[in-house]
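# An overview of the molecular structure
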Amino acid sequence: MPLPVEAVVFALIGLLAGAVALFAVPEYFPMARGLTIGTALVSALLSGLVSRFTLAGDLAETLAATVICTALLTSVLARPDLAARRGSHRRRRHAA
């Protein structure tokens, strides 16, 4: 597959990873949504490019490595310590 087509696939992986992170656990990402989406997009493009040249163009392995690296690099922004302190929107705090 030519590199421009793969770059579009990598960008879609990044956008999807960022959207999933924001919708699955929004309390872990208190910063601006653009930062999370942008980080996922850039990490997908860079990890896709590196894995494409490292794995010698095997498409299935390249896509798998891109998804894993994108998920890991996007999770760097997660702040579960702040979510636990503020309380999750899924749990209720009861006054004692």
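Note: the structure precedes this text.
Once a new chain begins, its residue numbering starts again from 1 and follows that chain's sequence as written. In keeping with the model being predicted, local features are shown solely for residues with a pLDDT of at least 70 and side-chain atom pairs are shown and tallied solely at 80 or more, while totals for entire chains, interfaces and linings include all residues. In computing side-chain properties, one takes all heavy atoms of the structure into account and sets aside hydrogens as well as water.

### Regarding the overall build of the chain
Numbering goes from the N terminus for both helices and strands, where a helix is a DSSP run of H or I of at least four residues and a strand is a run of E of at least two. Counting its secondary structure elements, the chain contains four helices and zero strands. In the chain, the order of α-helices and β-strands from amino to carboxyl end is α-α-α-α. Sequence separation of at least 24 residues holds for 67% of the intrachain contacts in the chain that already meet a minimum separation of 6. When the accessible area of the chain is evaluated, it comes to approximately 6,200 Å², of which 72% is carbon and sulfur surface. Two residues qualify as a contact provided that any one of their heavy atoms is within 4.5 Å of a heavy atom in the partner residue. The method behind every accessible area is Shrake-Rupley, applied with a 1.4 Å probe, and residues are considered shielded solely by the protein chains displayed.

### Some details on the packing of aromatic side chains
The geometry of an aromatic ring pair is captured by the separation of the ring centres together with the interplanar angle, meaning the angle of the planes. Any Phe, Tyr or Trp ring, taking Trp's six-membered ring, that has another such ring centre within 6.5 Å forms a pair; planes under 30 degrees apart are called stacked, those over 60 apart edge-to-face, and the others tilted. For the structure shown, the criterion picks out zero aromatic pairs. Lying across the ring of F53, R52 places its NZ or CZ 5.5 Å from the centre. Any Lys NZ or Arg CZ found within 6 Å of a ring centre and within 35 degrees of that ring's normal is scored as a charge over the ring.

### Examining the pattern of salt bridges
Salt bridges, as used here, are contacts in which a Lys or Arg side-chain nitrogen is within 4 Å of a carboxyl oxygen on Asp or Glu. One pass over the structure, following the stated rule, counts two salt bridges. Of the charged contacts in the structure, one is a salt bridge between R52 and E6, with a shortest N-O distance of 2.6 Å. Remark: E6 occurs in helix 1 (residues 3-24) and R52 occurs in helix 2 (residues 33-54); sequence separation between them is 46 residues. Exposure class is identical for R52 and E6. Each is buried. Across the salt bridge formed by D81 and R79, the nearest N and O atoms sit 3.1 Å from each other. We call a residue buried when its accessible area falls under 20% of the maximum for its residue type, exposed when it is over 50%, and partly exposed in between, using a 1.4 Å probe and counting protein chains only.

### A closer look at the packing of helix 2 against helix 3 (residues 59-74)
Axis lines are fitted to C-alpha atoms, over the contacting stretch for helices. Their N-to-C directions set the angle, which ranges from 0 to 180 degrees. As a packed pair, helix 2 and helix 3 sit with axes 8 Å apart at the nearest point and diverge in direction by 145°. Considering the relative orientation of helix 2 and helix 3, their crossing is right-handed. Side by side, helix 2 and helix 3 meet where T36, T39, A40, S43, A44, S47, G48, S51 and R52 of the first sit next to T62, A65, T66, C69, T70, L73 and T74 of the second. Under the scheme applied here, ten amino acids are nonpolar (Ala, Val, Leu, Ile, Met, Phe, Trp, Tyr, Cys and Pro), four are charged (Asp, Glu, Lys and Arg), and all others, including Gly, are polar. Taken together, the residues of the contact of helix 2 with helix 3 sort by class into five nonpolar, ten polar and one charged. A crossing counts as left-handed when the near helix is turned anticlockwise from the far one by less than a right angle, and as right-handed when that turn is clockwise.

### So, the packing of helix 1 against helix 2
The axes of two packed helices give the description: the angle between them and the distance between them. Contact geometry of helix 1 with helix 2 gives a least axis separation of 8 Å together with a crossing angle of 145°. You can see that helix 1 and helix 2 cross each other, and the crossing is right-handed. Class assignment for the residues of the contact of helix 1 with helix 2 results in 16 nonpolar, four polar and three charged.

### As for a nonpolar patch on the surface
Judged by side-chain polarity, M1, V5 and L59 come together as a nonpolar surface patch covering roughly 250 Å² of accessible area. Here M1 shows up in the segment before helix 1. A patch is a set of surface residues, each over 30% in relative accessible area and not in a salt bridge, joined within 9 Å for like charges and within 5 Å for the nonpolar side chains Val, Leu, Ile, Met, Phe, Trp and Tyr.

### Structural notes on helix 1
Since the α-helix advances by 3.6 residues per turn, residues separated by three or four positions end up pointing in the same direction. For helix 1, spanning 22 residues, the distance from its first C-alpha to its last is 31 Å, which sits close to the expected 32 Å at 1.5 Å a residue. Restricting attention to buried positions, one finds in helix 1 the residues E6, F10, A11, I13, G14, G18, A21 and L22. Down the axis of helix 1, the smallest arc covering the buried residues is 160°, so these residues share one side. Set apart from the buried face of helix 1 by more than 90 degrees, the exposed residues are L12, L16 and F23. Where helix 1 is buried, its residues touch helix 2 and helix 3. The span you would expect from a helix comes to 1.5 Å times its residue count less one. Comment: arc refers to directions from the helix axis out to C-beta atoms.

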